[in-house]
Amino acid sequence: MNTLKDTKIGETVRVKTLMGEGRIKRRIMDMGITKGVEIYVRKVAPLGDPMEVTVRGYELSLRKAEAENIVVE
């Protein structure tokens with residue numbers, strides 16, 4: 001099971017499913033990350049947190065804790 005947290009810079013992945021409960025899952029979905037959407041990893045900060053991704057044509061910063069709740073393929 002690969003998560004967005006494990007994705008390398010420059011890779012494009014597709015969201016398989018979202019984990020997490022309640023507020024965490026709702027926050028991720030409010031950012032436009034839903035099942036089937038493609039995510040391109042643009043940059044990762046030197047210590048790995050946060051990471052910058054492109055989703056639905058806009059840039060978004062995600063924390064490691066959020067990225068590990070996004071299962072990708």
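Here, the structure is the one placed above.
Residues numbered from 1 in each chain as written. Predicted model: local features only at pLDDT ≥ 70, side-chain atom pairs only at ≥ 80, totals over all residues. Heavy atoms only, no water.

**Q** How should the pairing of strand 2 (residues 12-18) be read in this particular structure?
**A** On any regular strand, side chains alternate: one points to one face of the sheet, the next to the other face. Here 3 bridges tie strand 2 to strand 3 (residues 38-44), and the two strands are oriented antiparallel to one another. Bridging from a neighbouring strand, Thr12 pairs with Tyr40 of strand 3. Bridge count between strand 2 and strand 6 (residues 70-72): 3 bridges; the pairing is antiparallel. Each bridged residue has a counterpart across the sheet, and for Thr17 the counterpart in strand 6 is Val71. (Pairing = 2+ DSSP bridges. Helix = DSSP H or I, 4+ residues; strand = E, 2+ residues; numbered from the N terminus.)

**Q** Is there a simple way to think about the nonpolar core in this case?
**A** Here is a general trend for soluble globular proteins: nonpolar side chains tend to be buried in one another's company. Counting residues in hydrophobic clusters, the biggest one holds 18 residues, and the most contacted among them are Leu4, Ile33, Ile39, Val53, Leu62 and Ile70. Mapped by element, the contributors of at least two residues to this core are strand 2, strand 3, strand 4 (51-55), strand 5 (58-62) and strand 6. Non-local contacts of Leu62, meaning those with residues more than four positions away in its chain, are made with Leu4, Met31, Ile33, Asp49, Pro50, Met51, Val53 and Ile70. (Core = buried A, V, L, I, M, F, W, Y, C linked by side-chain atoms within 4.5 Å. Buried < 20%, exposed > 50% of the residue type's maximum accessible area, 1.4 Å probe, protein only. Contact = heavy atoms within 4.5 Å.)

**Q** Which parts of the structure should I look at to understand the layout of surface pockets?
**A** The gaps left among the atoms become clear once a water-sized probe is rolled over them. As a volume, the largest pocket reaches approximately 150 Å³. Taken together, Lys5, Asp6, Thr7, Lys8, Ile9, Val44, Gly48, Met51 and Lys64 form the lining of the largest pocket. Its residues placed into classes, the lining of the largest pocket shows 3 nonpolar, 2 polar and 4 charged. (1 Å grid on protein atoms, 1.4 Å probe; cavity = no way out; pocket = protein on both sides within 12 Å on 5 of 7 lines; lining within 4 Å. Points joined across faces, edges and corners; volume = space filled by probe spheres on them. Nonpolar A, V, L, I, M, F, W, Y, C, P; charged D, E, K, R; others polar.)

**Q** Looking at this structure, I do not really get unusual backbone geometry. What am I missing?
**A** Most peptide bonds adopt trans geometry, and most residues besides glycine take a negative phi value. One non-glycine residue, Arg56, lies in the positive phi region at around 50°. Of note, Arg56 is situated in the loop between strand 4 and strand 5.

**Q** Just to check I follow, could you spell out the sheet that holds strand 6 for this structure?
**A** Strands pair in a sheet through their backbones, by hydrogen bonds, and they do so in one of two ways: parallel or antiparallel. If you walk across this open sheet you meet the 6 strands as 1-6-2-3-4-5, and the pairing is antiparallel. Two strands lie at the open edges of the sheet, namely strand 1 (2-3) and strand 5, each paired on one side alone.

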